[in-house]
Amino acid sequence: MSIHITSLSGTDEHAQEDPAVRIWITGRTDILKLQALVNRALNTAPEFGAEWFALAEKLDKFVAEQGLR
């Protein structure tokens, strides 16, 4: 189980124009915590928008496909 974060500034040659953050989450427990966190955030702040809801759906699909529940 682990969480790794790397960041890229807008001036990095491998970054997009805007700064970027990449997050790797490994392990069943941490993936399920991320899923709960995203779902809780969307339940309390639906103004996050469609991209965040799409992320939640993809995460739900991944959890189901991997049999993590």
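Notes on the structure follow.

Basis of the calculations
Residues numbered from 1 in each chain as written. Predicted model: local features only at pLDDT ≥ 70, side-chain atom pairs only at ≥ 80, totals over all residues. Heavy atoms only, no water. Phe/Tyr/Trp six-rings, centres within 6.5 Å; stacked < 30°, edge-to-face > 60°. Buried < 20%, exposed > 50% of the residue type's maximum accessible area, 1.4 Å probe, protein only. Axes fitted to C-alpha atoms, helices over the stretch in contact; angles between N-to-C directions. Helix = DSSP H or I, 4+ residues; strand = E, 2+ residues; numbered from the N terminus. Parallel < 35°, antiparallel > 145°, perpendicular 65-115°, else oblique. Left-handed = near helix turned anticlockwise from the far one by under 90°. Contact = heavy atoms within 4.5 Å. Nonpolar A, V, L, I, M, F, W, Y, C, P; charged D, E, K, R; others polar. 1 Å grid on protein atoms, 1.4 Å probe; cavity = no way out; pocket = protein on both sides within 12 Å on 5 of 7 lines; lining within 4 Å. Points joined across faces, edges and corners; volume = space filled by probe spheres on them. Expected span 1.5 Å × (residues − 1).

**Quick notes on the packing of aromatic side chains**
Argument step 1. This model, assessed by the stated rule, comprises one aromatic pair.
Argument step 2. With 5.7 Å between their ring centres and 65 degrees between their planes, Phe-48 and Trp-52 make a pair best called edge-to-face.
Argument step 3. The class for Trp-52 is partly exposed, based on a relative accessible area of 42%.

**Details of the packing of helix H1 (residues 28-44) against helix H2 (residues 50-65)**
Argument step 1. Taken N-terminus to C-terminus, the directions of H1 and H2 make an angle of 150 degrees; their axes are 10 Å apart at the nearest point. As far as their axial angle goes, H2 and H1 are roughly antiparallel. Relative to H2, the crossing made by H1 is left-handed. Taking contact as the criterion, the partners of Ile-31, Leu-32, Leu-34, Gln-35, Val-38, Asn-39 and Leu-42 in H1 are, on H2, Trp-52, Phe-53, Ala-56, Leu-59, Asp-60, Phe-62 and Val-63.
Argument step 2. When grouped by side-chain class, the residues that make up the contact of H1 with H2 number eleven nonpolar, two polar and one charged.

**So, the layout of surface pockets**
Argument step 1. By volume, the largest pocket is sized at about 330 Å³.
Argument step 2. Every residue lining the largest pocket is counted, 15 residues in all, and those nearest its centre are Ile-23, Ile-25, Leu-34, Val-38 and Leu-55.
Argument step 3. Mapped by element, the contributors of at least two residues to the lining of the largest pocket are strand E2 (20-26), H1 and H2.
Argument step 4. Counting residues per element, the lining of the largest pocket draws most heavily on H1, which supplies six residues.
Argument step 5. Its residues placed into classes, the lining of the largest pocket shows 15 nonpolar, no polar and no charged.

**Digging into H1**
Argument step 1. Between the first and last C-alpha of H1 there are 25 Å, a value that for 17 residues agrees with the 24 Å anticipated at 1.5 Å per step.
Argument step 2. Buried residues of H1: Asp-30, Ile-31, Leu-32, Gln-35, Val-38 and Leu-42, and no others.
Argument step 3. The secondary structure elements touched by the buried residues of H1 are strand E1 (2-8), E2 and H2.

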